[in-house]
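This is what each chain is made of:
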2 protein chains.
Amino acid sequence: MNKVEIRDRFFSRYKELIRTEMIPYQWKVLNDEINITIERERNDDSIPNEKSHVIENFRIAAGRKKGHHYGWVFQDSDLYKWLEAVAYTLREQMDEELKSLADHVVDLISEAQEDDGYLNTYFTIEEPDEKYNRLWQSHELYCAGHFFEAAAAYYEATGNQKVLDTACKLADHIDFVFGQEEGKNRGYDGHEEVEIGLMRLYRLTQNDRYLNLARYFLLIRGTDQAVMGSKHLPLTYYQAHLPVLLQENAEGHAVRLVYLCTAMADAAAETGDEKLLDACRRLWKSIVNRRMYITGGIGSTVSGEAFTLDYDLPNDTMYCETCASVGLVFFAYRMLLSEENGEYGDVMERALYNTVLGGVALDGKHFFYVNPLEVVPGKSRKDPGKSHVKCVRPQWLGCACCPPNLARLVASVEQYVFVQKKNRLLVNLFVECKGSFEIEDGILDIELKTGYPWTGSLEIKVNYSGTACVCLGIRVPSWSDTTGLEINGKSTDSDAEHGFVYINQVFKEDTIRLELDMEPKRWYANPLVENDLGKFAVSRGPLVYCAEEVDNGKNLHLMSVEKQEPLEYEFKEALLGGVGVLTASGWKTEADREDLRLYRQGNAAEKKVRTKIRWIPYYSWANRGENEMRVWIREENQR
Amino acid sequence: MNKVEIRDRFFSRYKELIRTEMIPYQWKVLNDEINITIERERNDDSIPNEKSHVIENFRIAAGRKKGHHYGWVFQDSDLYKWLEAVAYTLREQMDEELKSLADHVVDLISEAQEDDGYLNTYFTIEEPDEKYNRLWQSHELYCAGHFFEAAAAYYEATGNQKVLDTACKLADHIDFVFGQEEGKNRGYDGHEEVEIGLMRLYRLTQNDRYLNLARYFLLIRGTDQAVMGSKHLPLTYYQAHLPVLLQENAEGHAVRLVYLCTAMADAAAETGDEKLLDACRRLWKSIVNRRMYITGGIGSTVSGEAFTLDYDLPNDTMYCETCASVGLVFFAYRMLLSEENGEYGDVMERALYNTVLGGVALDGKHFFYVNPLEVVPGKSRKDPGKSHVKCVRPQWLGCACCPPNLARLVASVEQYVFVQKKNRLLVNLFVECKGSFEIEDGILDIELKTGYPWTGSLEIKVNYSGTACVCLGIRVPSWSDTTGLEINGKSTDSDAEHGFVYINQVFKEDTIRLELDMEPKRWYANPLVENDLGKFAVSRGPLVYCAEEVDNGKNLHLMSVEKQEPLEYEFKEALLGGVGVLTASGWKTEADREDLRLYRQGNAAEKKVRTKIRWIPYYSWANRGENEMRVWIREENQR
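The rules behind these values
- Residues numbered from 1 in each chain as written.
- Chains lettered and ligands numbered in written order.
- Predicted model: local features only at pLDDT ≥ 70, side-chain atom pairs only at ≥ 80, totals over all residues.
- Heavy atoms only, no water.
- Helix = DSSP H or I, 4+ residues; strand = E, 2+ residues; numbered from the N terminus.
- Rg over C-alpha atoms; globule rule 2.2 N^0.38 Å.
- Buried < 20%, exposed > 50% of the residue type's maximum accessible area, 1.4 Å probe, protein only.
- Contact = heavy atoms within 4.5 Å.
- Areas by Shrake-Rupley, 256 points an atom, 1.4 Å probe, with all protein chains shown as cover.
- Lys, Arg positive; Asp, Glu negative; His and termini not counted.
- Charge placed at Lys NZ, Arg CZ, Asp CG, Glu CD.
- Phe/Tyr/Trp six-rings, centres within 6.5 Å; stacked < 30°, edge-to-face > 60°.
- Domains from an automatic or database assignment.
- Buried area = accessible area lost by both parts, 1.4 Å probe.
- Salt bridge = Lys/Arg side-chain N within 4 Å of Asp/Glu carboxyl O.
- Polar contact = N/O pair within 3.5 Å; in protein donor to acceptor, adjacent residues only side chain to side chain.
- Disulfide = S-S within 2.5 Å.
- Core = buried A, V, L, I, M, F, W, Y, C linked by side-chain atoms within 4.5 Å.
- UniProt positions renumbered as here; feature names shortened; annotations may be inferred.
- Pairing = 2+ DSSP bridges.
- Axes fitted to C-alpha atoms, helices over the stretch in contact; angles between N-to-C directions.
- Least-squares fit on C-alpha atoms with pLDDT ≥ 70 in both.
- Parallel < 35°, antiparallel > 145°, perpendicular 65-115°, else oblique.
- Left-handed = near helix turned anticlockwise from the far one by under 90°.
- Nonpolar A, V, L, I, M, F, W, Y, C, P; charged D, E, K, R; others polar.

Peer 1: I keep staring at the overall build of chain A and nothing clicks. Help me out?
Peer 2: Scanning chain A for helices and strands turns up 17 helices and 22 strands. Its C-alpha atoms give chain A a radius of gyration of 25 Å, near enough to 26 Å, the size a compact globule of 639 residues would have. Here chain A holds 639 residues, and the buried ones make up 64% of them. When contacts within chain A are restricted to residue pairs at least 6 apart in sequence, those whose partners lie at least 24 apart make up 71%. Of the roughly 22,400 Å² of accessible surface on chain A, 46% is carried by carbon and sulfur atoms. Side chains of chain A give 76 positive and 100 negative charges; the mean places of these two sets differ by 4 Å.

See below:
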């Protein structure tokens, strides 16, 4: 079986945090064992968030205890995402104690399942007569989808048969209930996810019914053949305003949209359905060409946690949910399965290294839900339109979707490093690792060495036990202006084709070196993005940078940099767990406190002083207390 | 008695609209006689707004009909504001039919009053046992205040004794119920207004109890001697977080704050209370130096229709309620009664000529509640954070406070032209009119001729029948860089002192000419106002200008103008009822639709084409259909 093992300084730190901090911490939260201050992400009194109660809900549903369900209707999914992260962790490094804990969780889930296969603690406990009757809001199939993902991962990691049986029993039950056929429930879930889970179960079991059921859920969505109950929100919120094949723009709740796209791309990759793939391409373009932040964040408004309109990308009121960027990584990866286009890897990197990693504090125990590109603490406190924008990561969230979602992605980051297609292997992410792949008549062993994301040097050792000619594609990120490619010490033409350089040969202990362009870059947004006009953002390698008050003083909006100023790079071992910082000579307009008048005929902004501006990687912001932060900095025209 | 008669081309048009359109139209609305589409100003299902029902509520309370109260708890005030506007209209030009209608309204109000003097249709009809029990929300005293204002105005205009008796009976009742004394209700209204009404009643009747009651309501606010019930919103919303004498910043609901300040300034002017005046000065400075838009709009957020924090003045999500600017005019005028400082008149003009007049369409039948400085129709439709920002004026609003508030202010604009203080007369607004004032031992007749706001030429004829030396002060707006002052054809020193030029003499058929500087001006905000940094606004005379899509094409944010470009002025008789337009040569960045990438290393904003930019007065925007508009335009640095 194919296998990838990570030994990457950058990601291993996160993986270690997940193993040693996040998984045990989340376990305690799921069990209501630690007394934590659960932050409200909204000022909404209707949100239940005093405790997690997840394990307790399962115990009650399993009949081990008496009591009521507590929490969100989708609370079950917290446990499934935890289990999925545990699976990846165990796959990498077995831990019998953790495995035993997880096995007991599987037993508990299995006991909470009803005889006919139905599984959802809320409806089992509270409203057994309302099963599948409130699909817009109920999240029953959403939770099932997360269970399918977790079950497949846990089975693959540990061979636990019960988890797979429980999942298949639930999938069979759903297949029995839902479908186009006379007498079946012709609905679908308001929150996409079951489709992703079914595809995963299909790939593991090769049971066509799961593929067909996933396709049913995808294709009935937004059609007039569907029968759904009443809803509170506009159809766009649920991506139900049109059949998915006709949707042109990324609309509605951002997480839902990318989950939908992930499943569509997955089904397209498995079936070769060109119509489905075309719809995916259109939605992909809608996101990345018109509705995505430079950090890979998506969702321009807190209201409905949703997309708004093309080029509407406010930096201070957006949502940019961590989960949405996790979903964007999923979507990008599924697109790569169908199409060798480096843009998918570029966007995956953008989302992963910036918004996803920005979602967790360096301590692994604090999390962002909302990932702003600009904050001023006073505004978050006093402007109700920015009250959802936290300035430091809270410990846990009332709606705890993001922390375990981030954990399961980062815990399985090795899955996204390579893409294998018959006799082709793509190197998609630059993470230090070893991998083995069954390709044609042999095993291809590959070893990546790199100091990425801090250095752009890649050393790839490849050995193949077979006789076939294998095509190795290495992604060249679009931000890398020039690259130096060497094969066994010999410089080679490195022109990329649709974002990859290819080496086609029978590999025998070959060493390939690729030098990516790690010059710091300035970026400008399409002028239609009003909020970024006259401003630039800075990146180096895959990392987008930001300026923080702790390095630059208050009123970051008063900083500006001239166009020709060079950006200096320096790696600081002692800073923020070790980060590369960027600096440039710039200006700071004086906050003119002498002239009290709000409006004047003289432009006070012309009075400015020389200053040094310092940027840190966006993912590392808000780890030094509450302070201002901003990604987009004004560019001064004069020279 | 002193008297001012307006014959001003600019304001007479509005006054005529009020007489011929707004008053009859509002009357029909109050009587549910016309089937209008009532716009919701929020997407809030709890708002009752199918019809006005105001007259019907009074009929039910008066016992003439059976039925239930319908509408807001403060619905009564719509009728009172209508009556006040009618009073000013009748004072200017008697209309027996309208007077008879209004007399009947007075009869109805009087009948709806309970025997003990209590007057409020909601509580009389629906919850008689809850009178004065829910002061944070009930608006009972707020409505009373509006009635006092209307009653005083109507009595002064027509001599109707019943209206004054009804008002005094209500005021006496409130005085009986409320106060510091043992056994009395030690509350105050969540929405300030009764204080203004009591001051007005006091000035008319010289009954000290009304002054003392107003002072009681002002001074108990926010103290721990007050006894109030439970509230839903933070204390700042109601300006109840601190005793008013200790408040430093304009906080909470903007209309409430300026109503509070108006009453405080009024009481300070009547009593010479320096502490009260100091508190007014602090709040004034908080507004005009740190929390006011260049249009005289206030209230930076829709949430709570409130102030936020210093220098937080977003141009596209603000509230800037028409009522709040009406209140700012009231506050400014009361401050002028205590202090001869031209800034009060300047701000009054700013609010009046821009936000207040912008609140009504040129047809007199459509009204803004929210007065943005920047709109893009697509964003109002698709960004929920901007859904409160309408792009054209709706016909009537579910909460109909603004239209009659604007009507009563504009209908009485003559009250704000002059300020008389013993032997001094200040000319505060430049409106063509004739006035007579009893000053010392004679009558001072004064006649203003001007084409303001389009021209800056002022001709003032003054004649005095007495023998005293009278001091005439003429406000010189702070935007007027130079002025030419002539007395009887002779040029005179025109150095302004705290915003006024003074002429001290025994006036006998004197003619004074003042030439204000009507050069178009560019304005820059304090650099701490992030949203305006790098941008400028344009004004001419008292009018702030804006650019509309109909004149300048889509994507107004792509326009820029170099610093040195002159602004050309031209009066267009046929445009928007006759307006002066401004133009300048500028640039428009090309909306780069070729390069589809959102983020690029090249700055596409550097590709721009020459264009002519045209501005119209802000008050006249949105009279040519739905389109983009913006006040702050980018300034290009290069030369």
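Peer 1: For this particular structure, what's the right way to read the packing of aromatic side chains?
Peer 2: Both the distance between ring centres and the angle between the ring planes are used here to describe each pair of aromatic rings. All names here are of chain A. Taken as a whole, this structure holds 66 aromatic pairs over all chains when the rule is applied. Measuring from ring centre to ring centre gives 5.3 Å for Y118 and Y132, while their planes differ by 75 degrees; the resulting arrangement is edge-to-face. With Y118 in the loop between α4 (96–112) and α5 (121–125) and Y132 in the loop between α5 and α6 (135–138), the pair connects residues that are 14 residues apart, well separated along the chain. Residues Y118 and Y132 agree in their burial class; the two are buried. When the ring of Y333 is compared with that of Y416, the centres are 4.9 Å apart and the planes differ by 80 degrees; the resulting orientation is edge-to-face. Residue Y333 is located in helix α13 (residues 322–338), and its partner Y416 is located in the loop between α16 (402–411) and β3 (418–421); the two are separated by 83 residues in the primary sequence.

Peer 1: Is there a simple way to think about the domain arrangement of chain A in this case?
Peer 2: Assigned domains within chain A: domain 1 (50–232), domain 2 (418–515) and domain 3 (521–636). Taken over C-alpha atoms, the centre of domain 1 of chain A sits 38 Å from the centre of domain 2 of chain A.

Peer 1: Explain the interface of chain B and chain A here, please?
Peer 2: The accessible area lost on association of the parts is a frequent measure of interface size. At the junction of the two partners, chain B supplies 64 residues and chain A supplies 64 residues. Carbon and sulfur atoms supply 55% of the area that chain B and chain A bury against each other, a total of about 5,100 Å² over both sides. The three residues of chain B that bury the most area against chain A are B:L598, B:Y599 and B:Q601, which together make up 17% of that side's buried surface. Remark: the boundary between chain B and chain A carries eight salt bridges. Among the salt bridges present, the one from B:K379 reaches A:D312, with a minimum N-O distance of 3.7 Å. Where chain B packs against chain A, one counts twelve residue pairs in polar contact (both at pLDDT 80 or more). Where the side of chain B that touches chain A is concerned, the elements lending two or more residues are α12 (274–290), α15 (377–382), β13 (521–525), β19 (599–600) and β22 (633–636) of chain B. Broken down by element, the residue count for the side of chain B that touches chain A peaks at five residues, all from β13(B).

Peer 1: How do you make sense of the pattern of salt bridges when you look at a structure like this?
Peer 2: Opposite charge on two side chains permits them to pair, given that their charged atoms come into close proximity. Residues and elements named next belong to chain A. The final tally for this structure, using the stated rule, is 118 salt bridges over all chains. Residues K554 and E549 are paired through a salt bridge, measuring 3.1 Å at the closest nitrogen-oxygen approach. Under the relative-accessibility criterion, K554 is labelled exposed at 54%. Within this structure, K15, E16, R19, R91, E92 and E414 form a network of salt bridges that share partners.

Peer 1: Explain the state of the cysteines here, please?
Peer 2: Tallied over the entire structure, the rule returns zero disulfides over all chains. Cysteine A:C546 is unpaired, with the sulfur of A:C391 as its nearest cysteine sulfur at 13 Å. Classification of A:C546 by relative accessible area gives buried; the value is 0%. With no disulfide of its own, B:C168 lies closest to B:C143 among cysteine sulfurs, the gap being 18 Å.

Peer 1: How should the side chain of A:R540 be read in this particular structure?
Peer 2: Residue and element names in this part refer to chain A. Mapped onto the elements of the fold, R540 is located in strand β14 (residues 535–540). Put simply, R540 is tucked away with no salt bridge, and the nearest opposite charge, on E519, sits 7.1 Å away. Here the side chain of R540 touches M518 through a polar contact of 3.1 Å, landing on its backbone oxygen. In this structure the side chain of R540 is engaged in a polar contact, spanning 3.4 Å, whose partner is the side chain of Y569.

Peer 1: Mind showing me how you'd approach the nonpolar core here?
Peer 2: Nonpolar side chains tend toward joint burial in soluble globular proteins. Counting 225 residues, the largest nonpolar core has B:I287, B:I446, B:I474 and B:W615 as the members making the most contacts within it. The element best represented in this core is helix α11 (residues 254–271) of chain B, accounting for twelve residues. Core analysis: the next-biggest nonpolar cluster, separate from the first, contains 224 residues, A:Y132, A:A157, A:F217 and A:V417 among them.

Peer 1: Could you clarify how one ought to interpret the UniProt feature "domain: Non-reducing end beta-L-arabinofuranosidase-like GH127 middle" (unreviewed entry) in chain A in this entry?
Peer 2: Following the UniProt record, the feature "domain: Non-reducing end beta-L-arabinofuranosidase-like GH127 middle" (unreviewed entry) maps to residues 425–518 of chain A here. As a span, residues 425–518 of chain A carries 0% helix and 55% strand, and end to end its C-alpha atoms are 25 Å apart.

Peer 1: Explanation requested: the sheet that holds strand β4 (residues 424–427) of chain A in the structure shown.
Peer 2: Strand pairing within a sheet occurs via backbone hydrogen bonds; the two strands may be parallel or antiparallel. Residues and elements named next belong to chain A. Read from one edge of the open sheet, four strands run β3-β4-β8-β11, paired in mixed fashion. In this open sheet, the two strands that pair with only one neighbour each are β3 and β11 (500–505). Here the strands of the sheet are splayed against their neighbours by 15 degrees on average, with no regard to which way each runs. Those strands touched by α13 are β3 and β11, and its axis lies near 30 degrees from that of β3.

Peer 1: Sorry if this is basic, but what is going on with the pairing of strand β8 (residues 470–475) of chain A here?
Peer 2: Each regular strand carries side chains that alternate between the two faces of the sheet. Residues and elements named next belong to chain A. Buried residues dominate β8, accounting for six of its six residues. Side chains V470, L472 and I474 project from β8 onto one buried face, and the interleaved C471, G473 and R475 project onto a second face that is buried too. Two elements, β4 and β8, share four bridges in a ladder whose sense is parallel. Considered in β8, the bridge of L425 is made with L472. Here β8 pairs with β11 via six bridges, running antiparallel.

Peer 1: Could you clarify how one ought to interpret the relation of the copies chain B and chain A in this entry?
Peer 2: Both copies of the chain are placed relative to one another by a rotation about an axis and a shift along it. Laying chain B over chain A is done by rotating through 180 degrees and shifting 0.0 Å along the axis; what remains is an RMSD of 0.0 Å. Seen this way, the second copy is the image of the first under a two-fold rotation axis. Looking at the interface residues of chain B, 100% of them are also at the interface in chain A, so both copies use one shared face.

Peer 1: Before we go on, may I ask you to explain unusual backbone geometry in this structure?
Peer 2: Both trends apply: most residues other than glycine have a negative phi, and most peptide bonds are in trans. Residue and element names in this part refer to chain A. Cis geometry marks the peptide bond from Y452 to P453; its omega dihedral reads 5 degrees. Along the polypeptide, P453 turns up in the loop between β6 (442–450) and β7 (457–464). Here the phi dihedral of D32 falls at roughly 55 degrees; this positive angle occurs in a residue that is not glycine. Note on placement: D32 falls in the loop between α1 (9–30) and α2 (54–61). A positive phi is found at E305, a non-glycine position, where the angle reads about 50 degrees.

Peer 1: Help me understand the environment of B:E84 in this model?
Peer 2: Residues and elements named next belong to chain B. Inspection of the secondary structure assignment puts E84 in helix α3 (residues 76–92). Residues E84 and Y154, spaced 70 residues apart in sequence, show a C-alpha to C-alpha distance of 6.4 Å. Beyond its immediate sequence surroundings of up to four residues, E84 is in contact with E149, A150, A153, R200 and R408. At 2.7 Å, the side chain of E84 forms a polar contact with the side chain of R408.

Peer 1: So what exactly am I meant to see when it comes to the pairing of strand β16 (residues 559–562) of chain A here?
Peer 2: Residue and element names in this part refer to chain A. Alternating positions in β16 separate into two faces, M559 and V561 on one and S560 and E562 on the other, with burial throughout. Pairing of β16 with strand β18 (residues 579–589) involves two bridges; the strand directions are antiparallel. Paired with S560 across the two strands is W587, which belongs to β18.

Peer 1: Before we go on, may I ask you to explain the packing of helix α8 (residues 161–177) of chain B against helix α10 (residues 208–220) of chain B in this structure?
Peer 2: For any two helices packed against each other, one specifies the crossing angle of their axes together with the interaxial distance. Residues and elements named next belong to chain B. For the pair α8 and α10, interaxial distance at closest approach is 10 Å and the crossing angle is 50 degrees. As the angle between them shows, α8 and α10 are arranged oblique. For the pair α8 and α10, the sense of crossing is left-handed. On α10, the residues that touch C168, A171, D172, I174 and D175 of α8 are R209, Y210, L213 and F217. Per-class residue counts for the contact of α8 with α10 are six nonpolar, no polar and three charged.

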